[in-house]
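# Remarks on the overall topology
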Protein chains: 2
Amino acid sequence: MQNSSNRAVILLSGGLDSATCLAIAKSQGFVPYAISFRYGQRHRIELERAASVARHLGAADHIIIDIDLAKLGGSALTDRNIAVPKHQSVDQIGSEIPLTYVPARNTVFLSYALAWAEVLESKDIFIGVNALDYSGYPDCRPEYISAFARMANLATKRGVEGNQLTIHAPLIQLTKAQIIERGLGLGVDYGLTISCYDPAEDGTPCGRCDSCLLRAKGFSELGSIDPALK
Amino acid sequence: MQNSSNRAVILLSGGLDSATCLAIAKSQGFVPYAISFRYGQRHRIELERAASVARHLGAADHIIIDIDLAKLGGSALTDRNIAVPKHQSVDQIGSEIPLTYVPARNTVFLSYALAWAEVLESKDIFIGVNALDYSGYPDCRPEYISAFARMANLATKRGVEGNQLTIHAPLIQLTKAQIIERGLGLGVDYGLTISCYDPAEDGTPCGRCDSCLLRAKGFSELGSIDPALK
């Protein structure tokens, strides 16, 4: 029987990174509880993919939380009046914070994960952030993750009782190619995942947004073919 | 004309503490932007009161965010299957974490406030937490507020750019009587506010939940009459 001590809450987006993250949590003996967010993003298909990935990788539960980031505005990913930036190659991706940054997104997501973890009596949260390929996002850095964990341990009953919560970010120092290699080794079907910021209605990736370019570079470095493009 | 440098985001619940907090922010020269949350609580009347307080105290804007804490369960304030604890006097309020604790609530609320602050280009957030009268809640402690601020400054563009965000908790070391005295001095009409965890349909407070008892004690210590009971 399952007990609460090996439950882990996994932030699951439907993308490549979080699918890998779920597989890693499972390989480490955790019973994964997946949480996704509907936040006014352009592509509802992400959530269908998240549900497929959760089934494929055997999550014990998968919940989708509606959140109101769109009401606050301020990002190309939630505000239809701001265009998603397109490039011809990864070399054109700037080092500045991109327009696709969503204000405080990971903080909002991790806060919900923290609430669910407390209810589930779980002391482990997994998030698929990556500091190398997405260095423009402030809330993907290791120092941010550490500060969230410290805050979380002061925020909750669990922390008060000295039963420490851990935020796992197993991809944080991996390249995209290393992430894909790890996931393939764990049997992740990347054909189920979607990374594009601006896909067609049927889920076909645009091939030119930052996320598509970084994903293509990862598969290319491995000498592998992206099953989502087959 | 307003500029963004003196905008402040204020967490506003419709209760006595957050109304006082809004009045304090205004008295310090901030332009208040009030944010409230609909989170499956039993008493929708809280949100009507929050809107009244925002108008009464001249908030520049007031938004209500729908959040899904109820889906996660785990608290008497969001789960109808758990009864709100009732007592005859404040002496019966225990020192343990109460059943009315909502998992990670202030963390979720502050995360949304952080997102809005970033969009508004505000660097100040006010929260009416109080460590004395509510010592059972872990996320009302000064060390929690400090840890959230530290995390927030690592999470956002503003923090990356070195433009520090401050979480103001001006009530944190005040007794309920001191909070009321401060608010009365700033012209807060406490008749608009509601503190009860379990009011009647028309907003009449139950008089016996922890929140009602603490509020009554505050007015009593001041030798003042609660205008909400007139």
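Quantities reported herein were computed from a predicted structural model and do not represent experimental measurements.

What counts as what
- Residues numbered from 1 in each chain as written.
- Chains lettered and ligands numbered in written order.
- Predicted model: local features only at pLDDT ≥ 70, side-chain atom pairs only at ≥ 80, totals over all residues.
- Helix = DSSP H or I, 4+ residues; strand = E, 2+ residues; numbered from the N terminus.
- Buried ≥ 20, exposed ≤ 12 C-beta atoms within 10 Å, placed from the backbone.
- Contact = placed C-beta atoms within 7 Å.
- Axes fitted to C-alpha atoms, helices over the stretch in contact; angles between N-to-C directions.
- Parallel < 35°, antiparallel > 145°, perpendicular 65-115°, else oblique.
- Left-handed = near helix turned anticlockwise from the far one by under 90°.
- Nonpolar A, V, L, I, M, F, W, Y, C, P; charged D, E, K, R; others polar.
- Pairing = 2+ DSSP bridges.
- Right-handed = clockwise from strand over helix to strand, strands pointing away.
- Expected span 1.5 Å × (residues − 1).

## Here we look at the overall build of chain A
If you tally the helices and strands in chain A, you get eight helices and five strands. Counting helices and strands in the order they occur from the N terminus, chain A gives β-α-β-α-β-α-α-β-α-α-β-α-α. Burial status across chain A gives 53% buried among its 230 residues. Taking contacts inside chain A between residues at least 6 apart in sequence as the whole, the part at least 24 apart equals 72%.

## Examining the packing of helix α7 (residues 176-185) of chain B against helix α8 (residues 210-221) of chain B
All names here are of chain B. For the pair α7 and α8, the least separation of the axes is 8 Å and the interaxial angle reads 65°. With respect to α8, the axis of α7 lies roughly perpendicular. Relative to α8, the crossing made by α7 is right-handed. Residue-level inspection shows K176, A177, I179 and I180 of α7 in contact with α8, the latter providing L214, R215, K217, G218, F219 and E221. Considering only residue class, the contact of α7 with α8 consists of five nonpolar, one polar and four charged.

## As for the sheet that holds strand β5 (residues 166-168) of chain A
Residue and element names in this part refer to chain A. The sheet built from five strands is open, its strands ordered β3-β2-β1-β4-β5 with parallel pairing. Looking at strand neighbours, the two that pair on one side only are β3 (61-66) and β5, the edges of this open sheet. Strand after strand, the sheet turns through a mean of 25° between neighbouring axes, direction not considered. In the sheet, strand β4 (residues 124-126) pairs with β5 via three bridges, with the strands oriented parallel. Along β5, the bridge assignment pairs I125 with I167. Running at roughly 170° to strand β1 (residues 7-11), helix α1 (residues 16-27) makes contact with β1, β2 (31-38) and β4 of the sheet. Each of β1, β2, β3 and β4 touches helix α4 (residues 105-120); the most contacted strand, β1, lies at about 160° to it.

## Overview of the pairing of strand β2 (residues 31-38) of chain B
In summary, the side chains of a regular strand alternate between the two faces of the sheet. Residue and element names in this part refer to chain B. The buried fraction of β2 is high, at seven of eight residues. Of the pairings in the sheet, the one linking strand β1 (residues 7-11) to β2 comprises five bridges and is parallel in character. The partner of A8 across the bridge, within β2, is P32. Taken together, β1, helix α1 (residues 16-27) and β2 constitute a β-α-β crossover, and its handedness is right-handed. Sheet topology note: the β2/strand β3 (residues 61-66) ladder contains six bridges and is parallel. For A34, the partnering residue across the bridge sits in β3 and is H62.

## A short note on the pairing of β1(B)
Residues and elements named next belong to chain B. Summarising burial for β1: five of the five residues are buried, a large majority. Across the two faces of β1 the burial is the same, with R7, V9 and L11 and A8 and I10 all buried. Judged from the two bridges that link them, β1 and strand β4 (residues 124-126) form a sheet pairing that is parallel. By the bridge assignment for β4, V9 is matched with I125.

## As for α4(A)
Spacing of three or four residues puts side chains on the same side of an α-helix, whose turn is 3.6 residues. Residues and elements named next belong to chain A. For α4, with 16 residues, the first-to-last C-alpha span of 23 Å sits near the 22 Å given by 1.5 Å per residue. By the criterion of burial, α4 is predominantly enclosed, with 15 of the 16 residues buried. Phi for E121, located one or two positions after α4, is positive at around 60°.

## What about the sheet that holds strand β5 (residues 166-168) of chain B?
Residue and element names in this part refer to chain B. Taken together, five strands build an open sheet; the order of strands is β3-β2-β1-β4-β5 and the sheet is parallel. The sheet terminates laterally at β3 and β5, the two strands that pair on one side only. Mean inter-strand twist for the sheet, computed between neighbouring axes without regard to direction, equals 25°. Along the sheet face, α1 touches β1, β2 and β4 and points at about 170° away from the line of β1.

Shape is all these values report; function is a separate question.
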